[in-house]
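# Descriptive analysis of the structure
Okay, here's what each chain looks like letter by letter:
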Amino acid sequence: MTNQLRIQFFLTLFILPFCYTVFAEELVQQENNPIERKVILQRMYLDGELSEEKLTETIWTMEDFWLKYQGWKVVDQNEDQIVLKKIENDISPLLKANGYLGMKKDGTLSIFIGRPEHAKIIHTFYQLDVGKLEVYKQEELQKGIPIVNKDQYKQLIKEYEPYSVN
C-alpha cells in the first residue's frame, strides 16, 4: 500500500466519521436551542399608509418561521432582526377609524385623517375641476365623506375621477 492510499484510508476510517459526528452534534445543538430575532412586520395598504409592528420571535426552526410568515417578502435581514413586508388588499385601520375623503382648498381630492378643515392629509389623488362639480358634491367634499371600507373607498375615487383636471 502506498503512502497516499494509507493517508486516504486513515482519513476515511478515522477522521471523516469524527467530522460527521461533530457536524451532527452542532446541528442537534442548534435545533435544541432556539434563536431570538426582532421581527418588523410592515404592511402597505391601498390608501398608501404603511404600518409597522415590532415583535420578538423565538425561532426553533427556520422552516417553521418561514411557514408562519408565508406570503411576506424579506426587506432586510441580519443577525439581529428580520424586516418583512406585505401588501394588504385593504385600506388601513387608521383610514377605517377616522378617514375622510375631501378636497383641499386648491381643489385637490385628498384623504384626510379627521375632517378636512383641520386634519392631516395622508394621500392626494388629482386636481378636481371644481366648476364641473355640483354644489352638493363640493359641500360634501368640504365637510369630508367618512370612509368605512375598501369598496366604498374605491367607489368614491372612481366617482370623482370624471371631475379631474386633465
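Let me sum up the structure you'll find in this document.

Next up on the list: the packing of aromatic side chains. Under the definition given, this model contains six aromatic pairs. Considering the side-chain rings of F65 and W66, the 4.9 Å spacing of their centres and the 75° angle between planes classify their relative orientation as edge-to-face. Using a relative accessible area of 4% as the deciding quantity, one classes F65 as buried. W66 sits in the partly exposed class, given a relative accessible area of 31%. Seen in terms of ring centroids, Y69 and W72 are 6.3 Å apart; in terms of plane orientation they differ by 80°. Their pairing is edge-to-face. This pair shows no difference in class: Y69 is buried, exactly as W72 is. An aromatic cluster is built from F65, W66, Y69 and W72, whose rings are joined through pairwise contacts. Against the face of Y160 rests K137, its NZ or CZ located 5.1 Å from the ring centre.

What follows is about a nonpolar patch on the surface. Taken together, the side chains of I35, M62, W66 and V74 make up a nonpolar region of the molecular surface, amounting to roughly 300 Å² of accessible area. Tracing the backbone shows M62 in helix α2 (residues 62–68). Take M62: its relative accessible area is 31%, and that puts it in the partly exposed class.

Glancing now at helix α5 (residues 150–160). Among the residues of α5, those classed as buried are K150, Q152, Y153, L156, I157 and Y160. One face of α5 carries all of its buried residues, which in axial projection span an arc of 165°. Exposed residues on α5 whose side chains face more than 90 degrees from its buried face are D151 and K158. Buried residues along α5 sit in contact with α3 (93–98), β5 (99–103), β6 (108–113), β7 (120–127), α4 (135–143) and β8 (145–146).

On to the sheet that holds β7. Strand order in the open sheet formed by four strands is β7-β6-β5-β8, and the pairing between neighbours is antiparallel. Each having just a single partner strand, β7 and β8 make up the two edges of the open sheet. The pairing of β6 with β7 spans five bridges and is antiparallel. The residue of β7 that forms the bridge with S110 is T124. Helix-sheet contacts for α4 involve β5, β6 and β8, and the interaxial angle to β5 is about 130°.

This next bit is on the side chain of Q81. Relative to the helices and strands, Q81 resides in strand β4 (residues 81–87). Taking relative accessible area as the criterion, Q81 reaches 19% and is therefore assigned buried. For Q81, the contacting residues outside a window of four places in its chain are R37, K38, I40 and D76.

This brings us to α4. The set of residues buried in α4 consists of K137, Q138 and L141. For α4, the angular spread of buried residues about the axis comes to 100°, placing them on one side. Exposed residues pointing more than 90 degrees away from the buried face of α4 are listed as V135, Y136 and K143. On its buried side, α4 packs onto β5, β6, β8 and α5. Just past α4, the residue G144 takes up positive phi, approximately 105°.

Basis of the calculations
- Residues numbered from 1 in each chain as written.
- Predicted model: local features only at pLDDT ≥ 70, side-chain atom pairs only at ≥ 80, totals over all residues.
- Heavy atoms only, no water.
- Phe/Tyr/Trp six-rings, centres within 6.5 Å; stacked < 30°, edge-to-face > 60°.
- Buried < 20%, exposed > 50% of the residue type's maximum accessible area, 1.4 Å probe, protein only.
- Lys NZ or Arg CZ within 6 Å of the ring centre and 35° of its normal.
- Patch = residues over 30% accessible without salt bridge, like charges linked within 9 Å, V, L, I, M, F, W, Y side chains within 5 Å.
- Areas by Shrake-Rupley, 256 points an atom, 1.4 Å probe, with all protein chains shown as cover.
- Salt bridge = Lys/Arg side-chain N within 4 Å of Asp/Glu carboxyl O.
- Helix = DSSP H or I, 4+ residues; strand = E, 2+ residues; numbered from the N terminus.
- Arc of directions from axis to C-beta.
- Contact = heavy atoms within 4.5 Å.
- Pairing = 2+ DSSP bridges.
- Axes fitted to C-alpha atoms, helices over the stretch in contact; angles between N-to-C directions.

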